[in-house]
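Report on the structure
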Amino acid sequence: EAQVTQNPRYLITVTGKKLTVTCSQNMNHEYMSWYRQDPGLGLRQIYYSMNVEVTDKGDVPEGYKVSRKEKRNFPLILESPSPNQTSLYFCASSLGGTGNTIYFGEGSWLTVV
Amino acid sequence: RKEVEQDPGPFNVPEGATVAFNCTYSNSASQSFFWYRQDCRKEPKLLMSVYSSGNEDGRFTAQLNRASQYISLLIRDSKLSDSATYLCVVNSEYGNKLVFGAGTILRVKS
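Predicted, not measured: the structure shown is a model, and the values here were computed from it. (Residues numbered from 1 in each chain as written. Chains lettered and ligands numbered in written order. Predicted model: local features only at pLDDT ≥ 70, side-chain atom pairs only at ≥ 80, totals over all residues. Heavy atoms only, no water.)

A look at the sheet that holds strand β1 (residues 4-6) of chain B
All names here are of chain B. Read from one edge to the other, the open sheet built from five strands follows the order β1-β3-β8-β7-β6, with strand pairing classed as antiparallel. Two strands in the sheet have a free side with no partner beyond their single neighbour: β1 and β6 (55-57). Mean inter-strand twist for the sheet, computed between neighbouring axes without regard to direction, equals 20°. (Pairing = 2+ DSSP bridges. Helix = DSSP H or I, 4+ residues; strand = E, 2+ residues; numbered from the N terminus. Axes fitted to C-alpha atoms, helices over the stretch in contact; angles between N-to-C directions.)

See the structure below:
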């Protein structure tokens, strides 16, 4: 089954404690990205990757890091989480380009206290 | 000004009603337009692409108005299961990416 898998789905952590949200897709997609969704603001892109070892900032990259060492994986790293990073996070993948369907993971609810 | 703007709603309609949402976008050069559906606390999923000539998929009709820079989604014969948030998506004027609107909430009631 074609899917995007992200973990953990739910996490409560404390300010400053590094965490990683993993993301994996099995569709051999070149394009992967991370979004955060906050009430009234919609989905905002954090980082994206056009292919292996190619990453770039989205609209809200501050406080986040990513890596793309393999085509299928695109982890999101919060080196020193802060309460304003409490949000719902979605990993997504697509074939590439803006004309293709985006497939989303089920989302990760992150709370930073 | 936001790149993509939607009326947040909620639109409360009875079963069987026809409802329409509009979405305006700022990039006059946009070529890619979509409607995604998002159920409460779940991931967005593609509902339909929007083509220049307009397109229909069952009870759903999407239209594009380039002159006024908006797209629309019309839902006929609303079902309870249509209750969701509908996200308008357009390609950005800043790079090779898509921009999501904040969504319009639809509630269909019996």
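Focus: the nonpolar core
In this structure, F21, W35, I71, L73, I75, Y86 and L106 of chain B are the most contacted members of the largest nonpolar core, which totals 24 residues. For this core, the elements supplying multiple residues, two or more each, are β3 (19-25), β4 (33-38), β7 (60-65), β8 (70-75), β9 (84-91) and β11 (104-109) of chain B. Ranked by size, the runner-up nonpolar core spans 19 residues in total, among them M32, V60, L76 and V112 of chain A. (Core = buried A, V, L, I, M, F, W, Y, C linked by side-chain atoms within 4.5 Å. Buried < 20%, exposed > 50% of the residue type's maximum accessible area, 1.4 Å probe, protein only.)

A word on the environment of S72 of chain B
All names here are of chain B. Position of S72 among the secondary structure elements: in strand β8. On the accessibility criterion, S72 (12% relative accessible area) is buried. Along the primary structure S72 and L87 are separated by 15 residues, whereas in three dimensions their C-alpha atoms are 11 Å apart. Setting aside residues up to four positions removed in sequence, S72 forms contacts with F21, N22, W35, T61, A62 and Q63. (Contact = heavy atoms within 4.5 Å.)

A word on empty space enclosed by the protein
For the structure shown, the criterion picks out two cavities of 30 Å³ or more. The calculated volume of the largest cavity comes to roughly 70 Å³. Lining the largest cavity are Y31, Y35, Q45, S94, G97, T98, N100 and I102 of chain A together with N96, K97 and L98 of chain B. Here the lining of the largest cavity is composed, by residue class, of four nonpolar, six polar and one charged. Approximately 30 Å³ is the volume found for the second largest cavity. In terms of lining, the second largest cavity is formed by P8, L11, L19, V21, Y89, S108, W109 and L110 of chain A. Elements with a contribution of two residues or more to the lining of the second largest cavity: β3 (19-25) and β11 (108-112) of chain A. (1 Å grid on protein atoms, 1.4 Å probe; cavity = no way out; pocket = protein on both sides within 12 Å on 5 of 7 lines; lining within 4 Å. Points joined across faces, edges and corners; volume = space filled by probe spheres on them. Nonpolar A, V, L, I, M, F, W, Y, C, P; charged D, E, K, R; others polar.)

Here we look at the interface of chain B and chain A
If you look at the interface, chain B gives 18 residues, while chain A gives 22 residues. Between chain B and chain A lies a buried interface of about 1,700 Å² when both sides are counted; carbon and sulfur atoms form 55% of it. Counting every contact that joins chain B to chain A gives one salt bridge. Of the charged contacts in the structure, one is a salt bridge between K97 of chain B and D59 of chain A, with a shortest N-O distance of 2.4 Å. The tally of links between chain B and chain A comes to three residue pairs in polar contact (both at pLDDT 80 or more). For the side of chain B that touches chain A, the secondary-structure elements that each account for two or more residues are β4, β9 and β10 (98-100) of chain B. Counting residues per element, the side of chain B that touches chain A draws most heavily on β4 of chain B, which supplies three residues. Across the side of chain B that touches chain A, the residue classes break down as eight nonpolar, five polar and five charged. (Buried area = accessible area lost by both parts, 1.4 Å probe. Salt bridge = Lys/Arg side-chain N within 4 Å of Asp/Glu carboxyl O. Polar contact = N/O pair within 3.5 Å; in protein donor to acceptor, adjacent residues only side chain to side chain.)

Some details on the pairing of strand β5 (residues 42-51) of chain A
Burial runs high along β5 of chain A: seven of the 10 residues are buried. Between strand β4 (residues 31-38) of chain A and β5 of chain A, which pair antiparallel and follow one another directly, the connecting turn spans three residues, one of which, G40 of chain A, has a positive phi of 80°.

Focus: the pattern of salt bridges
Residues and elements named next belong to chain A. All told, the structure shown has nine salt bridges over all chains when counted by the stated rule. With a closest N to O distance of 2.8 Å, R44 and D38 form a salt bridge. Under the relative-accessibility criterion, R44 is labelled partly exposed at 24%. Since its relative accessible area comes to 12%, D38 is described here as buried.

By themselves, these figures tell us nothing about what the structure is for.
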